[in-house]
Amino acid sequence: MDRLKRKEYEALAEPLQIELVAMARWVAATGQRVLVIFEGRDTAGKGGAIKAVAENLNPRQCRIVALPKPTEQEAGQWYFQRYVAHLPGKGEIALFDRSWYNRAGVEKVMGFATEAQVEAFLEAVPKFEKMLVADGILLFKYWLTCDQAEQEQRFAERQTDPLKQWKLSPIDEAARQKYAEYTEAREAMLKASHTKSAPWTLVDFNDQRRGRLTLIRDLLDRLPDTRIAEKPAAMAPLGHDPLEEKFGKLKPIKLR
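Residues numbered from 1 in each chain as written. Predicted model: local features only at pLDDT ≥ 70, side-chain atom pairs only at ≥ 80, totals over all residues. Heavy atoms only, no water.

## Description of the sheet that holds strand β3 (residues 92-97)
- The strand order across the open sheet formed by five strands is β2-β3-β1-β4-β5, and the pairing between neighbours is parallel. Two strands lie at the open edges of the sheet, namely β2 (62-65) and β5 (200-204), each paired on one side alone. For this sheet the average axis-to-axis angle between neighbouring strands, irrespective of direction, equals 20 degrees.
- One ladder, built from six bridges, connects strand β1 (residues 33-40) with β3; its direction is parallel. Looking across to β3, one finds that phenylalanine 38 is bridged to aspartate 97.
- Its contacts with the sheet put helix α6 (residues 115-134) on β1 and β4 (137-145), and the angle it makes with β4 is roughly 135 degrees. (Pairing = 2+ DSSP bridges. Helix = DSSP H or I, 4+ residues; strand = E, 2+ residues; numbered from the N terminus. Axes fitted to C-alpha atoms, helices over the stretch in contact; angles between N-to-C directions. Contact = heavy atoms within 4.5 Å.)

## A few points about helix α9 (residues 179-193)
- For α9, with 15 residues, the first-to-last C-alpha span of 21 Å sits near the 21 Å given by 1.5 Å per residue.
- Within the span of α9, buried status applies to Tyr179, Tyr182, Ala185, Arg186, Met189, Leu190 and Ser193. For α9, the buried positions fall inside an angular range of 135 degrees around the axis, keeping them on one side. Along α9, the residues that are exposed and aim more than 90 degrees away from the buried face are Ala180, Glu184 and Lys191. (Expected span 1.5 Å × (residues − 1). Buried < 20%, exposed > 50% of the residue type's maximum accessible area, 1.4 Å probe, protein only. Arc of directions from axis to C-beta.)

## What about the environment of lysine 191?
- Position of lysine 191 among the secondary structure elements: in helix α9.
- Sequence separation between lysine 191 and leucine 122 is 69 residues; the distance between their C-alpha atoms is 9.3 Å.

## So, the side chain of aspartate 207
- Within the element layout of this structure, aspartate 207 appears in the loop between β5 and α10 (208-222).
- Look at aspartate 207 and you get buried, because its relative accessible area is 12%.
- Those residues in contact with aspartate 207 that lie beyond four places of it in its chain are Asp2, Arg3, Leu4 and Arg154.

## Here we look at the pairing of β1
- For β1, the buried fraction is high: seven of the eight residues fall into the buried class.
- Here eight bridges tie β1 to β4, and the two strands are oriented parallel to one another. Counterpart to arginine 33 in the pairing with β4 is isoleucine 137.

## Things to note about the packing of helix α2 (residues 46-54) against α10
- At a closest axis distance of 10 Å, the pairing of α2 and α10 adopts a crossing angle of 50 degrees. On the basis of the axis angle, α2 is oblique to α10. By crossing handedness, the relation of α2 to α10 is classed as right-handed. In this structure, α2 uses Gly48, Ala49, Ala52 and Val53 to contact α10, whose residues at the interface are Arg212, Leu215 and Ile216.
- Its residues placed into classes, the contact of α2 with α10 shows five nonpolar, one polar and one charged. (Parallel < 35°, antiparallel > 145°, perpendicular 65-115°, else oblique. Left-handed = near helix turned anticlockwise from the far one by under 90°. Nonpolar A, V, L, I, M, F, W, Y, C, P; charged D, E, K, R; others polar.)

## Concerning the packing of aromatic side chains
- Using the criterion set out here, one finds 15 aromatic pairs in the structure.
- With centroids separated by 6.3 Å and ring planes inclined at 65 degrees, the aromatic side chains of phenylalanine 80 and tryptophan 100 adopt a geometry described as edge-to-face. Of this pair, phenylalanine 80 sits in the loop between α3 (72-75) and α4 (81-84) while tryptophan 100 sits in the loop between β3 and α5 (106-109), placing them 20 residues apart in sequence. Across this residue pair, the class does not change: phenylalanine 80 and tryptophan 100 are buried.
- Seen in terms of ring centroids, tyrosine 101 and phenylalanine 121 are 5.7 Å apart; in terms of plane orientation they differ by 90 degrees. Their pairing is edge-to-face. Here tyrosine 101 is found in the loop between β3 and α5, whereas its partner phenylalanine 121 is found in helix α6, with 20 residues between them in sequence. Per residue, the accessibility class of tyrosine 101 equals that of phenylalanine 121, and both read buried.
- Taken together, the ring pairs connect Trp78, Tyr79, Phe80, Tyr83, Phe96, Trp100, Tyr101, Phe121, Phe128, Trp143 and Trp200 into an aromatic cluster.
- Lying across the ring of tyrosine 179, arginine 41 places its NZ or CZ 3.6 Å from the centre.
- The lysine or arginine in question, arginine 82, covers the ring of tyrosine 83, its NZ or CZ lying 5.1 Å from the ring centre. (Phe/Tyr/Trp six-rings, centres within 6.5 Å; stacked < 30°, edge-to-face > 60°. Lys NZ or Arg CZ within 6 Å of the ring centre and 35° of its normal.)

Right, here's the structure in full:
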């Protein structure tokens, strides 16, 4: 299948953006709490997908959560603790750019967590997420897939593009050598955490534009088809400026 051209993508994305805005209005009006987790290999397209979801939403309502590596204090806490602080409140949408699943992915593969810690996480995470859902959080988990050849091409683009070089890190370079290990870790994670209350959805992101449309369409389809009528703000008629009445209309100063 040919990759989606930019103009075609933008034409298909516009009605979805309108639906996303309507969805956010419903979330605010009904006090829902929406949590969307974006996971996937490096270069899969998580940042672009999150931007596509959030770009027309109120940033006071829709928060992007991208946590750095744990501090020394956080490393000594209950593993889920630092993530709990960023869960959505009433009427909010939280988009997690990676999440607690770091423990089953990069931490496992790169040796930042012990086997015992990973096993404890895989046992705990279904229970943790079941509690979130039981408390009323609308939880959606997406894994963005891309094959190794596509990943290598994207790594090469980042190396040569000065606007994308910040995305590269020593961990990314190490990850290139551990493609099979990441696949194995992902399969174990999916097996343990794909549950009835919090299922995973895998989306093909070899074509990132097509992947974004698929993900957004799926997210909208999984939410209740509820629309809240928009109430445009009433524009009051302009009053008279007393300064203009006294001194006349001010003229703009021309800069030389």
